[in-house]
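# Chain and residue survey
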Amino acid sequence: MSGDGSKKQFWKRNTAKVPGNIQHVYGAQHPPFDPLLHANLMKAGNKPPSATTPGKPKKATTFQEFESITSDAWDVGDDDDELLAMAAQNLNIEVVMETANKVIENHSKLRERRQQRMDKMTEPDEKDGQEAHEEEEEEPDEEDEREEGAETTTDLSFSSEALPLSGNRLVKSHSEAPVGSPKEVGVEQAVLHRQQSLPHRPAIPLVPRIVDQNTSGTPAMSEREASRLDKFSQVLAGPKTDLEELRKLSWSGIPRQVRPITWKLLTGYLPANAERRESTLQRKRQEYFGFIEQYYDSRNDEHHQDTYRQIHIDIPRMSPESLVLQPKVTEIFERILFIWAIRHPASGYVQGINDLVTPFFVVYLFEYIEEEVENFNVSSLQEEVLRNIEADSFWCMSKLLDGIQDNYTFAQPGIQRKVKALEELVSRIDETVHCHMQQYEVEYLQFAFRWMNNLLMRELPLRCTIRLWDTYQAEPEGFSHFHLYVCAAFLVRWRKEILEEKDFQGLMILLQNLPTMHWGNEEVSVLLAEAYRLKFAFADAPNHYKR
């Protein structure tokens, strides 16, 4: 840019100012397009790389350099060109069909044998000689079953193994891995042996396999949980809620039964005065649907269609898929995000904002249902109920984003500051980890950008995010300030695993696929306690960052 004769400022936009116009959609993978910059980059791409002076680290001074550093911050494999390239790969149909037939055949045999044994158990007792004869027959059946199971495992070994890499990119699921001949797979096994120890990132279950308190389902409450619920009920029952007392109670987690009303109070969506709450709800809900009538039809206009298109693309990438991909839920999320973008033209829609709707939507859904959300058909609810959930989610998400909007304005300066602060903080609290990542040239922006942009929602199960947000809303500046210390504690939590990795690729795969799928309230509580300790030590003494 310095070599350009016009000396045009990079940050100066050449587009005309249109009142009410939303800025172009951008994010970690979508920086604003500048024709002059594009031409310069094309020229630079044709020149041989210049020799760099050793010992002088290159500083990121442009948004393009910032974007290139953060290229690994998003899940790899979401781009359309990569998907098309994968689709173009030749599949060995014979191997696929042979394996599928073996799986179906073995599965059918196992089911038949189980059914036969069940039938024998339900038959009336016969003579002792016949029973002895049946036992003799069952024993080889069990041996056959074990043999069949071993055969099944052998047949499926190449398809069930972890395949984290395809070429030079991360494979996020088995369905993305290229299917090759068994001979080719055997060659790859040695290369992939180390990566197989790392967990995959399947769709994270919303509801824990082992019921996690205060999140979903209705497990029997312990005496401590019942006591906490009683304390919340007493605070909420008064004519005017003591918000300071409510925050103290909420810091350690909010019972599921009172989480919806508590979140609405802590975000400032509802007033502390109980008499004014119903009228406030009616007014705010009507106001939101007034925005829908006024703005939503403009989503296909020339100035807004890029925004709506990006929202439409991003929503299917969200978790949990079983909930978000329901047509009714998709429509609700599209309206919420588009209306927010219309009303906030300084930032417009940025990738990452879409994830912040989900916790509010799920929590306010629990206000009307008792069963698990994973398997719940949202369209079975009354239309009025869905409208209330949608409006409440919009306003509470807006309240959250009001405190962190500099994360999503042009060049995302809030995130850059927080990532830099995280790097300085980690260098003080665990210099070994910091130096280890420096040794293998891992930039904090390459993994922590997503932690800040999505508030750790891509790193934790949704149940843990909801528990984390209980504390964030109880903590002063929880989303904008306390989150930094949570990220620092979260990184150091994986100290052992980080130090075991001895190359850049291994570190990046670990940091983007941290094994938290089975986390629950206990792990989140320990994380928050450590984050609070760090905040207590460093928040009021910023000079401690410095050496």
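Everything that follows concerns the structure shown earlier in this document.
Residues numbered from 1 in each chain as written. Predicted model: local features only at pLDDT ≥ 70, side-chain atom pairs only at ≥ 80, totals over all residues. Heavy atoms only, no water.

### Considerations on the pattern of salt bridges
Evaluation of the coordinates by the stated rule reveals 17 salt bridges. Across the pair aspartate 470 and arginine 259 runs a salt bridge, and its minimum N-O distance is 2.8 Å. On the criterion of sequence distance, the pair formed by aspartate 470 in helix 20 (residues 462-474) and arginine 259 in helix 10 (residues 259-266) is long-range, its members being 211 residues apart. A relative accessible area of 0% means that aspartate 470 is categorised as buried. Linking glutamate 390 and arginine 335 is a salt bridge whose minimum nitrogen-to-oxygen distance equals 2.8 Å. Taken together, the positions of glutamate 390 in helix 16 (residues 383-402) and arginine 335 in helix 14 (residues 327-343) put the pair 55 residues apart, joining distant regions of the chain. Each member of the pair glutamate 390 and arginine 335 is classed as buried. (Salt bridge = Lys/Arg side-chain N within 4 Å of Asp/Glu carboxyl O. Helix = DSSP H or I, 4+ residues; strand = E, 2+ residues; numbered from the N terminus. Buried < 20%, exposed > 50% of the residue type's maximum accessible area, 1.4 Å probe, protein only.)

### Points about the nonpolar core
Met397 and Trp469 are the most contacted members of the largest nonpolar core, which totals 115 residues. Mapped onto the domain boundaries, this core takes at least three residues apiece from domain 1 (236-403) and domain 2 (413-539). Setting aside anything within four residues of it in sequence, one finds methionine 397 in contact with Ile336, Leu337, Trp340, Ile353, Leu356, Val357 and Phe360. (Core = buried A, V, L, I, M, F, W, Y, C linked by side-chain atoms within 4.5 Å. Domains from an automatic or database assignment. Contact = heavy atoms within 4.5 Å.)

### Section: the packing of aromatic side chains
For the structure on display, the rule yields 24 aromatic pairs. Between tryptophan 469 and phenylalanine 479, the ring centres sit 5.2 Å apart and the planes meet at 90°, which makes this aromatic pair edge-to-face. Of the two residues, tryptophan 469 is situated in helix 20 and phenylalanine 479 in helix 21 (residues 478-493); the sequence distance between them amounts to ten residues. Judged by relative accessible area, phenylalanine 479 falls into the buried class, the value being 12%. Taken together through their ring pairs, the aromatic side chains of Trp251, Trp263, Phe360, Tyr364, Trp469, Tyr472, Phe479, Phe482 and Tyr532 make up a single cluster. Sitting over the ring of tryptophan 395, lysine 284 keeps its end group 3.7 Å from the ring centre. (Phe/Tyr/Trp six-rings, centres within 6.5 Å; stacked < 30°, edge-to-face > 60°. Lys NZ or Arg CZ within 6 Å of the ring centre and 35° of its normal.)

### A word on helix 9 (residues 243-250)
Within the span of helix 9, buried status applies to Leu246, Leu249 and Ser250. With its buried residues spanning 95° around the axis, helix 9 presents them on a single face. The residue sitting at the N-terminus of helix 9 and contributing the capping side-chain oxygen is aspartate 242; that oxygen lies 3.2 Å from the backbone nitrogen of glutamate 244. (Arc of directions from axis to C-beta. Polar contact = N/O pair within 3.5 Å; in protein donor to acceptor, adjacent residues only side chain to side chain.)

### Some remarks on unusual backbone geometry
A cis amide bond links serine 319 with the next residue in sequence, proline 320, at an omega value of -5°. Tracing the backbone shows proline 320 in the loop between helix 12 (305-314) and helix 13 (321-324). Residue leucine 455 is not a glycine yet carries a positive backbone phi of 55°. Within the secondary structure, leucine 455 is located in the loop between helix 19 (445-453) and helix 20. We classify leucine 455 as buried; its relative accessible area is 1%. A positive phi angle, close to 55°, is found at glutamate 477, a residue other than glycine. Along the chain, glutamate 477 falls in the loop between helix 20 and helix 21.

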